[in-house]
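# Inside the fold
If you want the building blocks of each chain, they are given just below.
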Number of protein chains: 2
Amino acid sequence: MTASARRGPYFCGIDAAMDVVAGKWKSLILWELHHHGTRRFAELRRGLPGVSEKMLVQHLREMEEDGLVHREVYREVPPKVEYSLTEHGVSLNAALAPLGAWGIERMGRIGAEKVSVVS
Amino acid sequence: MTASARRGPYFCGIDAAMDVVAGKWKSLILWELHHHGTRRFAELRRGLPGVSEKMLVQHLREMEEDGLVHREVYREVPPKVEYSLTEHGVSLNAALAPLGAWGIERMGRIGAEKVSVVS
DNA sequence: TCAGGTACTCACCTGAAAGTAAGTACTCCT
DNA sequence: AGGAGTACTTACTTTCAGGTGAGTACCTGA
């Protein structure tokens, strides 16, 4: 599982970007980190209602591998790990913004509910 | 399978947009229709090397259901069906453009191969 | 006459993604 | 003393997207 980096070959840029964002929680993690700057593991877990610890770790590791998030470990007595976006993560988030706007418009169109996430 | 429209609830706009784009070939179908304007079923199949007929039909049906593509059936002797983007499909494609640009940059960064698709 | 093209549908199968639940080692708070 | 919090790991199970291969009904060109 440590192997298998997402490395194409790809049909196009969207394909390459989707490969990195694919995963039930990845775009939400991106959003969460973008909004809060830096978050600890348990903060992310609480910010993403329904995520399992296994999936959160797995997605974070993959995103780290893909150069989207930075993982800072503090060797302290109660363990402390802080996650933040790298510059690639930040630019990916910016690239996702128009898609987010389109999605919000669509939610209005179809009258979709929103999961309330208190930030 | 005819039921189960993609209708949330969603965490955010990206979530709502991803729901509609999720699927191995959907973004490629969007791209293909955007570039050629109107395409017949078999043209799309040939334009997406590796896609199975089952998946192509399934994705096209879902995208029609989601209001992204328009399906025009000509009741002729050799069957003829033309697919094209609706205005929502066009705007989704526009919203995906920055993501595509990011992906191309990423492909350059990691040195990913590109599947050659002769248009 | 028969392969090949049109646009599909149907049934079955597989592999990967995600869920569930438990364990770890250590500390703080009550 | 015991429960909760820190950040995970590991093993097992379930779910489902996608792949495979066949069938359909009709027509055209060699």
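The following refers to the structure shown. One numbering rule holds for all chains: residues counted from 1, following each sequence as written. Both sets of labels track the order of writing: A upward for chains, 1 upward for ligands. Under the rules for a predicted model, residues below a pLDDT of 70 receive no local features and side-chain atom pairs below 80 are neither given nor counted, while totals for whole chains, interfaces and linings still include all residues. The side-chain figures draw on all heavy atoms in the structure; neither hydrogens nor water molecules are used.

Attention now goes to the protein's contact with DNA strand C. Neighbouring residues are identified by heavy atoms, a residue being near a molecule or strand if any of them is within 4 Å of it. Around DNA strand C there are 20 residues in total, and Lys24(A), Lys54(A), Val77(A), Glu53(B) and Arg71(B) lie nearest to it. Looking at DNA strand C alone, sugar and phosphate atoms form 69% of those within 4 Å of the protein. Between DNA strand C and the protein, one listed contact pairs a base oxygen with a side-chain N or O atom of Lys54(A) at 2.5 Å. When contributions to the surface near DNA strand C are tallied by element, the ones reaching two or more residues are α4 (53-65) of chain A together with α3 (41-47), α4 (53-65) and β3 (80-85) of chain B. Counting residues per element, the surface near DNA strand C draws most heavily on α4(B), which supplies four residues. Polar contact criterion, stated in full: a pair of N or O atoms within 3.5 Å, where within protein one must be able to donate a hydrogen and the other to accept it, and residues adjacent in sequence count only if both atoms are side-chain atoms. Put simply, DSSP marks the helices as runs of H or I at least four residues long and the strands as runs of E at least two long, and each gets a number from the N terminus on.

Our focus in this paragraph is the relation of the copies chain B and chain A. Expressed as a screw operation, the relation of chain B to chain A combines 0.0 Å of axial shift with a rotation of 180°, fitting to an RMSD of 0.1 Å. Here the transformation between the copies is reduced to the relation of a two-fold axis. Same-surface contact between copies: 100% of interface residues of chain B are shared with the interface of chain A. Alignment of the copies relies on least squares applied to C-alpha atoms, considering only residues that score at least 70 for pLDDT in both. In what follows, residue pairs with any heavy atoms lying within 4.5 Å of each other are defined as contacts.

Listed as interface residues are 41 residues of chain B and, on the opposing side, 42 residues of chain A. What counts as buried area is the accessible surface, traced by a 1.4 Å probe, that two parts surrender upon association, with contributions from both included. Taking both sides of the interface into account, the surface hidden between chain B and chain A amounts to around 4000 Å²; carbon and sulfur atoms contribute 74%. When the buried surface of chain B facing chain A is broken down by residue, Phe11(B), Ile14(B) and Trp102(B) rank first, second and third, together holding 19% of it. The salt bridge criterion pairs a side-chain nitrogen of Lys or Arg with a carboxyl oxygen of Asp or Glu, the two atoms within 4 Å. For the pair chain B and chain A, the interface holds zero salt bridges.

The strands that make up a sheet pair up through hydrogen bonds in the backbone, lying either parallel or antiparallel. All names here are of chain A. Only strands joined by at least two bridges in the DSSP assignment are considered to pair. If you walk across this open sheet you meet the three strands as β1-β3-β2, and the pairing is antiparallel. Of all the strands in the sheet, the pair left with one neighbour each is β1 (38-40) and β2 (69-74). Averaged over all pairs of adjacent strands, the angle between strand axes in this sheet comes to 25°, irrespective of strand direction. Axes, fitted as lines to C-alpha atoms, cover a helix only where it is in contact. Angles between the N-to-C directions of the axes lie from 0 to 180 degrees. Along the sheet face, α4 touches β2 and β3 (80-85) and points at about 115° away from the line of β2.

Next up on the list: the packing of helix α2 (residues 26-36) of chain A against helix α5 (residues 87-110) of chain A. Residue and element names in this part refer to chain A. Direction vectors running N to C along α2 and α5 enclose 110°, while the axes themselves pass 10 Å from each other. In terms of orientation, α2 and α5 fall into the roughly perpendicular class. Mapping the contact onto sequence places Leu30, Trp31 and His34 in α2 and Leu92, Asn93 and Leu96 in α5. Residues are grouped as follows: Ala, Val, Leu, Ile, Met, Phe, Trp, Tyr, Cys and Pro are nonpolar; Asp, Glu, Lys and Arg are charged; all remaining types, including Gly, are polar. The residue makeup of the contact of α2 with α5, split by class, is four nonpolar, two polar and no charged. An angle below 35 degrees is read as roughly parallel, one above 145 as roughly antiparallel, one from 65 to 115 as roughly perpendicular, and any other as oblique.

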